[in-house]
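# Architecture and fold: a report
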Amino acid sequence: MNSESASSKALVIGAGSAIAQALIAAMTHNHTVSEIVAVSRTMPGQDTCTQTNDMPVSYLSCDYSSAAINQLVAQLSVPQHNNPFSHVFICTGVLHNEHIKPEKRLEDLDAAQMAELMHINTIVPALWIQALLPVLKQSPRCVFSVFSARVGSISDNHKGGWYSYRASKAALNMVIKTAAIEYARRAPGVKLFAFHPGTVDTALSRPFQKNVPADKLFTPAFVAAQLLSICSHVPFDGEASYLDWAGAPITW
Ligand SMILES: NC(=O)c1ccc[n+]([C@@H]2O[C@H](COP(=O)([O-])OP(=O)(O)OC[C@H]3O[C@@H](n4cnc5c(N)ncnc54)[C@H](OP(=O)(O)O)[C@@H]3O)[C@@H](O)[C@H]2O)c1
């Protein structure tokens, strides 16, 4: 067990994400924390507790509706979950699905698809950030990482395209930046940051990997290790940060 792990726990939201799975594996292997709570809509073995490498990992199911998020967070507040959270990761996010493709030009914009991505990529993380505030007030020190993307940077947009995904991540960044101001007052032990994992070999990036050089296509395990290293160094400065996989700041 390393020094960070004494009576601390991690909350991994969107545990079905390939990067989330790698994070859980890395934290159990390194004993970054003493307990993990993993939340997902879809993962098999829901509402179970497994023991990996001597570490309890509880899987809880949630459909990410406002009511379900609040109910789950109420569950986390009961005494059996009384270790403070030292790490929170919101790993959810969608770029494409069976009926959504990233737009190449304005003619591709579709109101319903855009609303769906805004809901998944902006509103769902915002609901988690809202619901977790009372729980995280009790954490003396908690690193709260929300998966964004570099394409959510307004100042770094040189190529265009991907309207809905870009807009939903830019809006997410604004939620993070704004919430960090309020958290600094109401839950000052929390450091919030938007995280860009780079291009990672997962279902999300698979259709878009053709032109990515091999050394720029990361494994989930590599990115998980990078993120845990960033979490152990990130300054608790009362502000949101926007960081890439190397820990380098991205302009908002
Ligand atoms: N892979 C990349 O190259 C890349 C690059 C930049 C940013 N990112 C960001 O990194 C994060 C993780 O991506 P990944 O590559 O690990 O993707 P992934 O393996 O495809 O995982 C998808 C994630 O999105 C959630 N999700 C899927 N459909 C959803 C829906 N309808 N409503 C709410 N949540 C839904 C899943 O949650 P459940 O566990 O509940 O299924 C899961 O956490 C995302 O925020 C993504 O935007 C990835």
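Residues numbered from 1 in each chain as written. Predicted model: local features only at pLDDT ≥ 70, side-chain atom pairs only at ≥ 80, totals over all residues. Heavy atoms only, no water.

## Considerations on the environment of Pro140
- The topology assignment puts Pro140 in the loop between helix H3 (111–136) and strand E6 (142–147).
- On the accessibility criterion, Pro140 (64% relative accessible area) is exposed.
- If we ignore the near neighbours within four places in the chain, the residues touching Pro140 are Pro84 and Gly189. (Helix = DSSP H or I, 4+ residues; strand = E, 2+ residues; numbered from the N terminus. Buried < 20%, exposed > 50% of the residue type's maximum accessible area, 1.4 Å probe, protein only. Contact = heavy atoms within 4.5 Å.)

## Topic: the site of the ligand
- Taken together, the neighbourhood of the ligand is formed by 28 residues, with Gly16, Arg41, Tyr64, Tyr165 and Thr202 sitting nearest.
- At 3.0 Å, a backbone N or O of Ala18 approaches an oxygen atom of the ligand.
- Within the backbone of Arg41, one N or O atom sits 2.7 Å away from an oxygen atom of the ligand.
- Along the lines of polarity and charge, the residues of the shell around the ligand split into 13 nonpolar, 13 polar and two charged. (Near = heavy atom within 4 Å. Polar contact = N/O pair within 3.5 Å; in protein donor to acceptor, adjacent residues only side chain to side chain. Nonpolar A, V, L, I, M, F, W, Y, C, P; charged D, E, K, R; others polar.)

## Digging into the sheet that holds strand E5 (residues 85–90)
- Across the sheet, eight strands lie side by side as E3-E4-E2-E1-E5-E6-E7-E10; this open sheet has mixed pairing. Of all strands in the sheet, those bounded by a partner on one side alone are strand E3 (48–52) and strand E10 (241–244). Strand-to-strand twist of the sheet, defined as the mean angle between neighbouring strand axes without regard to direction, takes the value 20°.
- Both strand E1 (residues 9–13) and strand E2 (residues 35–40) contribute to a ladder of five bridges, which runs parallel. Residue pairing across strands places Val12 opposite Ala38, the latter belonging to E2.
- In the packing of helix H1 (residues 18–30) onto the sheet, the strands contacted are E1, E2, E3, strand E4 (55–61), E5 and E6, and the crossing angle to E4 comes to about 155°.
- Of the strands in this sheet, E1, E2, E5, E6 and strand E7 (190–196) touch H3, which is tilted by about 170° from E5. (Pairing = 2+ DSSP bridges. Axes fitted to C-alpha atoms, helices over the stretch in contact; angles between N-to-C directions.)

## Some points on the pattern of salt bridges
- Per the stated rule, a full pass over the model turns up four salt bridges.
- Asp237 is paired through a salt bridge with Lys191; the nearest N and O atoms lie 2.7 Å apart. Separated by 46 residues along the polypeptide, Asp237 in the loop between helix H5 (220–233) and E10 and Lys191 in strand E7 bring together distant segments of the chain.
- Arg206 is the salt-bridge partner of Asp201, the closest N and O atoms lying 3.3 Å from each other.
- Relative accessible area serves as the criterion here: at 33%, Asp201 is assigned to the partly exposed category. (Salt bridge = Lys/Arg side-chain N within 4 Å of Asp/Glu carboxyl O.)

## A few points about the nonpolar core
- One finds Trp128, Leu132, Phe144 and Tyr183 to be the most contacted residues of the largest nonpolar core, which totals 39 residues.
- Where this core is concerned, the elements lending two or more residues are E1, E2, helix H2 (66–76), E5, H3, E6, helix H4 (163–186) and E7.
- For this core, the leading source of residues is H3, giving nine residues.
- Discounting residues that sit within four places of it in the chain, Leu132 has contacts with Leu11, Ile13, Val73, Leu76, Val88, Phe144 and Tyr183. (Core = buried A, V, L, I, M, F, W, Y, C linked by side-chain atoms within 4.5 Å.)

## A look at the state of the cysteines
- Scanning all chains against the criterion turns up zero disulfides.
- Cysteine Cys231 is unpaired, with the sulfur of Cys142 as its nearest cysteine sulfur at 9.1 Å.
- Residue classification places Cys231 among the buried residues on the basis of a relative accessible area of 4%. (Disulfide = S-S within 2.5 Å.)

## Details of the pairing of E5
- With six of six residues buried, E5 lies mostly within the body of the structure.
- Across five bridges, E1 lies against E5 in parallel orientation. When the bridges of E5 are listed, Lys9 appears paired with Phe85.
- With four bridges joining them, E5 and E6 adopt parallel strand pairing. By the bridge assignment, Phe89 is partnered in E6 with Ser145.
- Following the chain from E5 across H3 to the adjacent parallel E6, one finds a crossover that is right-handed. (Right-handed = clockwise from strand over helix to strand, strands pointing away.)

## Examining the packing of H3 against H4
- Look at H3 against H4: their axes get within 8 Å of each other, and the N-to-C directions meet at 15°. It follows that H3 is roughly parallel to H4 by the angle criterion. Considering only the axes of H3 and H4, their crossing is right-handed. From H3, Met114, Leu117, Met118, Asn121, Thr122, Pro125, Ala126, Ile129, Leu132, Leu133 and Leu136 reach across to H4, where they touch Ser164, Tyr165, Ala167, Ser168, Lys169, Ala171, Leu172, Val175, Ile176, Ala179, Tyr183 and Arg186.
- Across the contact of H3 with H4, the residue classes tally to 17 nonpolar, four polar and two charged. (Parallel < 35°, antiparallel > 145°, perpendicular 65-115°, else oblique. Left-handed = near helix turned anticlockwise from the far one by under 90°.)

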